[in-house]
Amino acid sequence: MSMPFYVAPEQVMKDRADYARKGIARGRSLTATTYEDGIVICAENPSNTLRKVSEIYDRIAFAGVGRYNEFDQLRIAGVRAADLKGYSYSREDVDARSLANNYAQILGQIFTNEMKPMEVEILVAEVGGGPGDDRLYHILYDGTVVDETRMVVLGGDADAIADRLEAAYPEPGSIEVALRASAGALAGPDRTLAPDDLEVAVLARGNGRRAFRRIEGEALAGLLTAP
Amino acid sequence: MTFPLYRPGDDPGPSFAELLRRTGSVPAVPAASVGGVTHGTTVVAIRFAEGVVMAGDRRATSGNLISHRTMEKVFPADRHSGVAIAGAAGPAMDMVRLFQLQLEHYEKVEGVELSLEGKANQLSGMVRNHLPAAMQGLAVVPLFAGYDTRRRAGRLFQYDVTGGRYEESGFATTGSGSLHAGTVIKMGYQDDLDRGASLDLAISALFNAADEDSATGGPDLVRGIYPTMATITGEGFTKVEEDEIAERFAALVGRLSTPDSTTAAGAAPSIGGLLT
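Residues numbered from 1 in each chain as written. Chains lettered and ligands numbered in written order. Predicted model: local features only at pLDDT ≥ 70, side-chain atom pairs only at ≥ 80, totals over all residues. Heavy atoms only, no water.

**Some points on the overall build of chain A**
Step number 1: Counting its regular elements, chain A contains 6 helices and 10 strands.
Step number 2: The C-alpha atoms of chain A give a radius of gyration of 18 Å, which matches the 17 Å a tight globule of 227 residues would have.
Step number 3: Principal-axis analysis of the C-alpha atoms gives chain A an extent of 70 × 50 × 30 Å.
Step number 4: The burial tally for chain A puts 51% of its 227 residues in the buried class.
Step number 5: The contacts of chain A with a sequence gap of at least 6 include a subset with a gap of at least 24, amounting to 64%.
Step number 6: Total accessible area computed for chain A in this model is approximately 10,700 Å², and 52% of it derives from carbon and sulfur atoms.
Step number 7: In chain A, 26 positive and 35 negative side-chain charges are present, and the distance between their average locations comes to 4 Å. (Helix = DSSP H or I, 4+ residues; strand = E, 2+ residues; numbered from the N terminus. Rg over C-alpha atoms; globule rule 2.2 N^0.38 Å. Buried < 20%, exposed > 50% of the residue type's maximum accessible area, 1.4 Å probe, protein only. Contact = heavy atoms within 4.5 Å. Areas by Shrake-Rupley, 256 points an atom, 1.4 Å probe, with all protein chains shown as cover. Lys, Arg positive; Asp, Glu negative; His and termini not counted. Charge placed at Lys NZ, Arg CZ, Asp CG, Glu CD.)

Structural data, given as structure tokens:
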């Protein structure tokens, strides 16, 4: 019987992290920022049917970058967890923090125990009762959770995009301002993104029970070009 | 509660009911007949030019006692459909809650709404699954109505306890007062009624059902309790404001109390030929 080669745990973890980061960097990025009336999530996504941003529950949205099949599987699990919890307790008891913890557990476990880590970064966003109460949980491929309150960028080129977004959108403003800053930061200095290349959704306080709404077509073009 | 992440071959799909079965949270069927449970009564649905009107009285009874005066029996199922219930109140409310959740769950998992036909079939399956409990005296018989965004028309469906699903073209009623309510609607129904006329017709139907059936509640002017009504059109499910319902009721009562609609003045009615 042949002995397996010894590989240091540090090396295993590093290789897995590199592998996951490479996978994530291949896809396009997305941004989420708070604005006066909630949270706007803006993803670079040329497809109109394969979504990166979607609704989880009344005040909670999900967004993912990286491998579509993997983050979509996580999205559906999130919808199920939220609906089950709301059914067995009450709709008010469903919150983003516990969902983010669930995701972190799953991703962490897969990162340590499985052959291949998930090549995804996900966002769980929750709109609160007032401007200071919005929550953005950024969860990485290894289960690390980062709690943000104002803006978050997911994807390969995150640092550069975050710098541009920070410069263009220093404090929460209207949805037009937030959206144009997001689209500009995603595009970078050398190109512009057409409305067709973007997938945009908001969690708006004024939307009634289900805060999630997609902004598409003419409505999106109008917001991006409004004076 | 474990995080519901399934392997591809083992996935429950967009069905919330299937997910509940997997997680083992399905209520047991009573082994023996259950008596003395609260029952909800008469609900009606009428199709009009732009969609459907749904209405229900507010009374719930346990045997010959009134157990609630302000029960709601007309609920939104989702943006473009509504469900109204008659029968054992507890299981009926649970069925509505599960049905609402099922439609929302499907929409979120699949990314698109179910068709109206699909929603009606879902409810049919839920009523059929409820049959064992119905045999123990807990029957639930709903009405389902909605605006079909693909066909651009209002549609309504009636059910029986076995889950039989019957699409009606004009109107549908269910519950203990349904016979009387149905007759009133039948006399006044025309194709393409407008919103006001269909609301008045539903009000008249519930009023007459309450007049003949002790389990159906009429308008309660003392407490200010009126039937619940909703319209479902291309704009979605909208509850009719209580003030408007009160006004329409006042108009109906006004019409009914004009001198020529009551007994001719002076001639006291005789009962069974006895002098009174």
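This is not the end of the story, as more comes after the structure.
**Remarks on the packing of helix 2 (residues 68-88) of chain A against helix 3 (residues 96-113) of chain A**
A packed helix pair is summarised by two numbers, namely the angle formed by the two axes and the spacing between the axes.
Residue and element names in this part refer to chain A.
Step number 1: Following both chains from N to C, one finds helix 2 and helix 3 inclined at 135°, their axes separated by 11 Å at the closest point. Judged by the angle between their axes, helix 2 and helix 3 are oblique. Of the two possible hands of crossing, helix 2 and helix 3 adopt the one that is right-handed. Residue-level contacts link Leu-74, Arg-75, Gly-78, Ala-81 and Lys-85 of helix 2 to Ser-98, Leu-99, Tyr-103, Ile-106 and Leu-107 of helix 3.
Step number 2: Its residues placed into classes, the contact of helix 2 with helix 3 shows 6 nonpolar, 2 polar and 2 charged. (Axes fitted to C-alpha atoms, helices over the stretch in contact; angles between N-to-C directions. Parallel < 35°, antiparallel > 145°, perpendicular 65-115°, else oblique. Left-handed = near helix turned anticlockwise from the far one by under 90°. Nonpolar A, V, L, I, M, F, W, Y, C, P; charged D, E, K, R; others polar.)

**Considerations on unusual backbone geometry**
Negative phi values dominate among residues other than glycine, just as trans dominates among peptide bonds.
Residue and element names in this part refer to chain B.
Step number 1: Residues other than glycine seldom take positive phi values, yet Arg-152 does so here, at roughly 55°.
Step number 2: When you line up the elements, Arg-152 lands in the loop between strand 8 (140-148) and strand 9 (153-159).
Step number 3: Residue Arg-152 is classed as exposed on the basis of its relative accessible area, which comes to 65%.
Step number 4: Of note, the phi angle at Asp-192 is positive, near 55°, even though the residue is not glycine.

**Some thoughts on the sheet that holds strand 7 (residues 145-148) of chain A**
Residues and elements named next belong to chain A.
Step number 1: A sheet is described by the order of its strands in space; here 5 strands give the open sequence 3-4-5-6-7, paired in antiparallel fashion. This sheet does not close on itself; its edge strands, each paired only once, are strand 3 (53-57) and strand 7. For this sheet, the mean inter-axis angle between neighbouring strands, taken without regard to orientation, is 25°.
Step number 2: Pairing between strand 3 and strand 4 (residues 60-66): 4 bridges, direction antiparallel. The partner of Val-53 across the bridge, within strand 4, is Ala-63. (Pairing = 2+ DSSP bridges.)

**Re the interface of chain B and chain A**
Put simply, an interface is often sized by how much accessible area is lost when its parts join up.
Step number 1: Listed as interface residues are 22 residues of chain B and, on the opposing side, 27 residues of chain A.
Step number 2: Scanning the region where chain B abuts chain A turns up 5 salt bridges.
Step number 3: At the surface where chain B touches chain A, the tally comes to 12 residue pairs in polar contact (both at pLDDT 80 or more).
Step number 4: Of all the elements in the fold, those that place two or more residues in the side of chain B that touches chain A are helix 1 (16-22) and helix 2 (89-110) of chain B.
Step number 5: Here the side of chain B that touches chain A takes 9 residues from helix 2 of chain B, the largest share from any one element.
Step number 6: Residues belonging to the side of chain B that touches chain A are distributed by class as follows: 12 nonpolar, 3 polar and 7 charged. (Salt bridge = Lys/Arg side-chain N within 4 Å of Asp/Glu carboxyl O. Polar contact = N/O pair within 3.5 Å; in protein donor to acceptor, adjacent residues only side chain to side chain.)

**A closer look at the pattern of salt bridges**
Pairing is possible between side chains of opposite charge, provided their charged atoms come close.
Step number 1: Applying the stated rule across the entire model yields 46 salt bridges over all chains.
Step number 2: Measuring nitrogen to oxygen at the nearest pair gives 3.2 Å for the salt bridge that ties Asp18(A) to Arg21(A). Taken as a pair, Asp18(A) and Arg21(A) lie in helix 1 (residues 9-26) at a separation of 3 residues, close to a single helical turn.
Step number 3: We classify Asp18(A) as partly exposed; its relative accessible area is 26%.
Step number 4: Overall, the relative accessible area of 45% leaves Arg21(A) in the partly exposed class.
Step number 5: Where Arg210(A) meets Glu55(A), a salt bridge forms, and the shortest distance between an N and an O atom there is 2.9 Å. Highlighted residues: Arg210(A) in the loop between strand 9 (198-204) and strand 10 (212-215) and Glu55(A) in strand 3, separated in sequence by 155 residues. Exposure class is identical for Arg210(A) and Glu55(A). Each is buried.
Step number 6: Taken together, the shared-partner salt bridges in this structure form one network comprising Glu55(A), Arg210(A), Asp78(B), Arg79(B), Glu107(B), Glu113(B) and Lys119(B).

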